[in-house]
Amino acid sequence: MAKHSAFPPPSFVVIHNRDELTALSSSITKLSLSYKTCHNLQQLDLSRFVNVKEIRIDSCSFQSVEEVKVIGLNALERVEIGKKCFMKDSKWPGLNAKGKFYLKDCKKLKKVIIGAYSFREYSICELKNLPAVEVIALSAVNDWSESFMSASLELKSVRCGDG
């Protein structure tokens, strides 16, 4: 017998731990991960949330994750990652840089905002096939960052105005 709920699944969810993230329905439209969330994960793949329009990760979260994938989310419009996410607290971060961040194939994505020190030990940052992107911000203006400090960042194309 199929389970039926009197209430539809929520479109906006705040996640506090690994179990909540694992149990989450893939039909949500806004995903918010709370402060200091999920330190015991090695990999984070958000690609199953095909209807999500916004992903927000609060500061100091996912500090053990070594690979992040956000791929093929055609409804996604905004990604916002707080300070000190996806980083280990290391005195010599460049010596153990093996993290990988993939943000690809998101047709409607307009904004990517990444806080200071996030992805500090990541050597790969691949932003690809994001035709609607308008803003990519690493840290705040006049703020020290260290985001992707071990990665080679290269801007391959720029689109200005309507063309």
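A. Looking closely at the overall build of the chain. For the chain, the helix and strand inventory stands at one helix and ten strands. N-terminal to C-terminal, the α/β element order of the chain is β-α-β-β-β-β-β-β-β-β-β. The 163 residues of the chain split such that 36% are buried. Long-range contacts, defined here as pairs at least 24 residues apart, represent 67% of the contacts in the chain between residues at least 6 apart. Within the structure as shown, the chain displays about 9,900 Å² of accessible surface, and the carbon and sulfur contribution to it stands at 51%.

B. Structural context of empty space enclosed by the protein. Tallied over the full model, the rule gives one cavity of 30 Å³ or more. Empty space within the largest cavity amounts to approximately 40 Å³. Every residue lining the largest cavity is listed: Leu 46, Ile 55, Ile 57, Val 68, Val 70, Val 79, Ile 81 and Phe 101. Residue composition of the lining of the largest cavity, grouped by class: eight nonpolar, no polar and no charged.

C. Layout of the environment of Leu 73. Positionally, Leu 73 belongs in the loop between β5 (67–71) and β6 (78–81). Residues within four places of Leu 73 in sequence aside, it is in contact with Leu 46, Ser 47, Phe 49, Val 50, Val 52, Ile 55, Asp 105, Cys 106 and Lys 107.

D. Focus on the pattern of salt bridges. Enumeration according to the criterion identifies six salt bridges in this entry. Here Arg 56 and Glu 80 are joined by a salt bridge, their closest N and O atoms 3.4 Å apart. Of this pair, Arg 56 sits in strand β4 (residues 54–57) while Glu 80 sits in strand β6; the two residues are 24 residues apart in sequence, bridging distant segments of the chain. Residue classification places Arg 56 among the partly exposed positions, given a relative accessible area of 33%.

E. Quick peek at a nonpolar patch on the surface. A cluster of nonpolar side chains, namely Leu 127, Ile 136, Leu 138 and Leu 153, defines an oily patch on the protein surface of about 330 Å² accessible area. Relative to the elements of secondary structure, Leu 127 occurs in strand β9 (residues 122–128).

F. Region of interest: the confidence of the model for the chain. Mean pLDDT over the chain: 81, with 77% of residues reaching 70 or higher. This model gives residues 1–8 a pLDDT under 50, and the stretch forms zero contacts once residues within four places in sequence are excluded.

G. Inspection of the packing of aromatic side chains at higher detail. Scanning all chains against the criterion turns up four aromatic pairs. Measuring from centroid to centroid gives 4.8 Å for Phe 86 and Phe 119, while their planes differ by 10 degrees, and the two rings are stacked. Here Phe 86 is found in the loop between β6 and β7 (99–104), whereas its partner Phe 119 is found in the loop between β8 (111–114) and β9, with 33 residues between them in sequence. Like Phe 86, the residue Phe 119 is buried in the burial classification. Ring centres 4.6 Å apart and planes at 45 degrees place the aromatic pair Phe 101 and Phe 119 in the tilted group. A residue pair is termed long-range when its members are at least 10 positions apart, and Phe 101 in strand β7 and Phe 119 in the loop between β8 and β9 qualify at 18 residues. Phe 119 matches Phe 101 in its accessibility class, with the two residues each being buried. Here a set of aromatic residues connected by ring pairs shows up, and it is made of Phe 62, Phe 86, Phe 101, Phe 119 and Tyr 122.

H. Fine view of unusual backbone geometry. Backbone geometry at Cys 60 places phi at a positive 60 degrees, although glycine is not the residue there. Within the secondary structure, Cys 60 is located in the loop between β4 and β5. Positive phi, normally seen in glycine, also occurs at Phe 62, with a value near 55 degrees. With respect to the secondary-structure elements, Phe 62 resides in the loop between β4 and β5.

Basis of the calculations
- Residues numbered from 1 in each chain as written.
- Predicted model: local features only at pLDDT ≥ 70, side-chain atom pairs only at ≥ 80, totals over all residues.
- Heavy atoms only, no water.
- Helix = DSSP H or I, 4+ residues; strand = E, 2+ residues; numbered from the N terminus.
- Buried < 20%, exposed > 50% of the residue type's maximum accessible area, 1.4 Å probe, protein only.
- Contact = heavy atoms within 4.5 Å.
- Areas by Shrake-Rupley, 256 points an atom, 1.4 Å probe, with all protein chains shown as cover.
- 1 Å grid on protein atoms, 1.4 Å probe; cavity = no way out; pocket = protein on both sides within 12 Å on 5 of 7 lines; lining within 4 Å.
- Points joined across faces, edges and corners; volume = space filled by probe spheres on them.
- Nonpolar A, V, L, I, M, F, W, Y, C, P; charged D, E, K, R; others polar.
- Salt bridge = Lys/Arg side-chain N within 4 Å of Asp/Glu carboxyl O.
- Patch = residues over 30% accessible without salt bridge, like charges linked within 9 Å, V, L, I, M, F, W, Y side chains within 5 Å.
- pLDDT = per-residue confidence, 0-100.
- Phe/Tyr/Trp six-rings, centres within 6.5 Å; stacked < 30°, edge-to-face > 60°.

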